[in-house]
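Fold and geometry: a report
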Amino acid sequence: MQNIFKKVIQAKDKYNSSIVFDSRLIKENDIFIGLRSNNRDGNSFALDAIKKGAIFAIVDNNKLAHENIIYTKSVQSFIKKFTKFLLGVYKGKIIAISGSVGKTTTKENIFHILNNNQFKTYRSFKNFNNFLGLQFSIMNMDINSKFSIFELGINAPKEMDNLIKILQPH
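In short, a report on the structure. These figures come from a predicted structure and were not determined experimentally.

Some remarks on helix H5 (residues 131–140)
Summarising burial for H5: 7 of the 10 residues are buried, a large majority. Those residues of H5 that fall on the buried side of the exposure criterion are Gly133, Leu134, Gln135, Phe136, Ser137, Ile138 and Met139.

Written out as structure tokens, the structure reads:
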């Protein structure tokens with residue numbers, strides 16, 4: 001799996017690629033992850049994502065054949081291990097923002113203060129603040145940034161414990 005991690009990081013660095021799980025949002029040189037949910041199988045959108053310009057697609061359906069499709073036994077396992085890998089190599093400081101209201105505004109304000117003071121800073125996308133959103137924000141973070149700011153939101157007991165365990169903010 002380390003080889004896939006390196007391939008993803010190289011593509012992100014070379015093409016400024018984003019990791020995307022919604023094929024409708026694919027832009028040229030993005031990386032698509034075929035995520036399964038209760039309602040949809042993201043694997044079925046992999047070829048469409050490549051046609052739209054994705055560099056490659058990561059799927060767990062080994063029946064898909066294309067030179068730009070990377071097969072992994074479990075996309076969920078890939079995501080979990082890749083986020084852990086990225087956080088392990090990240091040398092900057094991780095800031096977590098949580099609360100009942102104002103998370104996104106606070107995150108954006110801190111980002112602009114740090115960025116305007118010449119600190120290379122990453123911030124999580126929109127208000128992607130649940131378990132899956134956090135994982136995708138981590139996979140898209142700039143590992144060369146000095147600070148990374150993540151928004152964490154919960155709607156169930158013990159959920160914050162899981163988010164903190166993944167992110168391990170400073």
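Quick notes on the environment of Asn144
By secondary structure assignment, the location of Asn144 is in the loop between H5 and strand S7 (147–151). We classify Asn144 as exposed; its relative accessible area is 53%. When the C-alpha positions of Asn144 and Tyr122 are compared, they lie 9.2 Å apart, and in sequence the two are 22 residues distant.

What about the packing of helix H3 (residues 75–89) against H5?
Helix-helix packing is described using two parameters, namely the angle between the two axes and the distance between the axes. Following both chains from N to C, one finds H3 and H5 inclined at 50°, their axes separated by 9 Å at the closest point. Considered as vectors, H3 and H5 are oriented oblique to each other. Once H3 is placed against H5, the crossing between them reads as left-handed. On the side of H3, the interface is formed by Ile79, Lys80, Phe82, Thr83, Leu86 and Leu87, while H5 contributes Gln135, Phe136, Ile138 and Met139.

Looking at the sheet that holds strand S1 (residues 19–20)
The 4 strands are arranged S1-S2-S3-S4 in an open sheet whose pairing can be described as parallel. In this open sheet, the two edge strands, each paired with only one partner strand, are S1 and strand S4 (69–71). When strand S2 (residues 31–33) meets strand S3 (residues 56–59), the two strands line up parallel, connected through 3 bridges. The partner of Ile33 across the bridge, within S3, is Ile58.

Topic: the pattern of salt bridges
Taken as a whole, this structure holds 9 salt bridges when the rule is applied. Residue Arg24 pairs with Asp22 through a salt bridge whose shortest N-O separation is 2.7 Å. Asp22 sits in the buried class, given a relative accessible area of 19%. Notably, a salt bridge pairs Arg123 with Glu108, separated by 2.9 Å at the nearest N-O pair. Of this pair, Arg123 sits in strand S6 (residues 121–123) while Glu108 sits in helix H4 (residues 103–116), and the two are 15 residues apart along the sequence. Given the relative accessible area of 28%, Arg123 is considered partly exposed. Through salt bridges with shared partners, a single network forms among Lys107, Glu108, Arg123 and Glu151.

A short note on the nonpolar core
In this structure, Val8, Ile33, Ile58, Phe78 and Phe82 are the most contacted members of the largest nonpolar core, which totals 31 residues. Elements that contribute at least two residues to this core include exactly helix H1 (2–15), S2, S3, H3, H5 and helix H6 (159–167). Ranked by residue count, the leading element in this core is H3, at 6 residues. When neighbours within four sequence positions are excluded, Phe78 is seen to be in contact with Met1, Ile4, Phe5, Val8, Ile33, Ile58 and Thr72. Listed in part, the 10 residues of the second largest apolar core include Ile26, Phe32, Ala46 and Ile69.

So, how was this worked out
- Residues numbered from 1 in each chain as written.
- Predicted model: local features only at pLDDT ≥ 70, side-chain atom pairs only at ≥ 80, totals over all residues.
- Heavy atoms only, no water.
- Buried < 20%, exposed > 50% of the residue type's maximum accessible area, 1.4 Å probe, protein only.
- Helix = DSSP H or I, 4+ residues; strand = E, 2+ residues; numbered from the N terminus.
- Axes fitted to C-alpha atoms, helices over the stretch in contact; angles between N-to-C directions.
- Parallel < 35°, antiparallel > 145°, perpendicular 65-115°, else oblique.
- Left-handed = near helix turned anticlockwise from the far one by under 90°.
- Contact = heavy atoms within 4.5 Å.
- Pairing = 2+ DSSP bridges.
- Salt bridge = Lys/Arg side-chain N within 4 Å of Asp/Glu carboxyl O.
- Core = buried A, V, L, I, M, F, W, Y, C linked by side-chain atoms within 4.5 Å.

Don't take any of this as a statement about function, it's just geometry.
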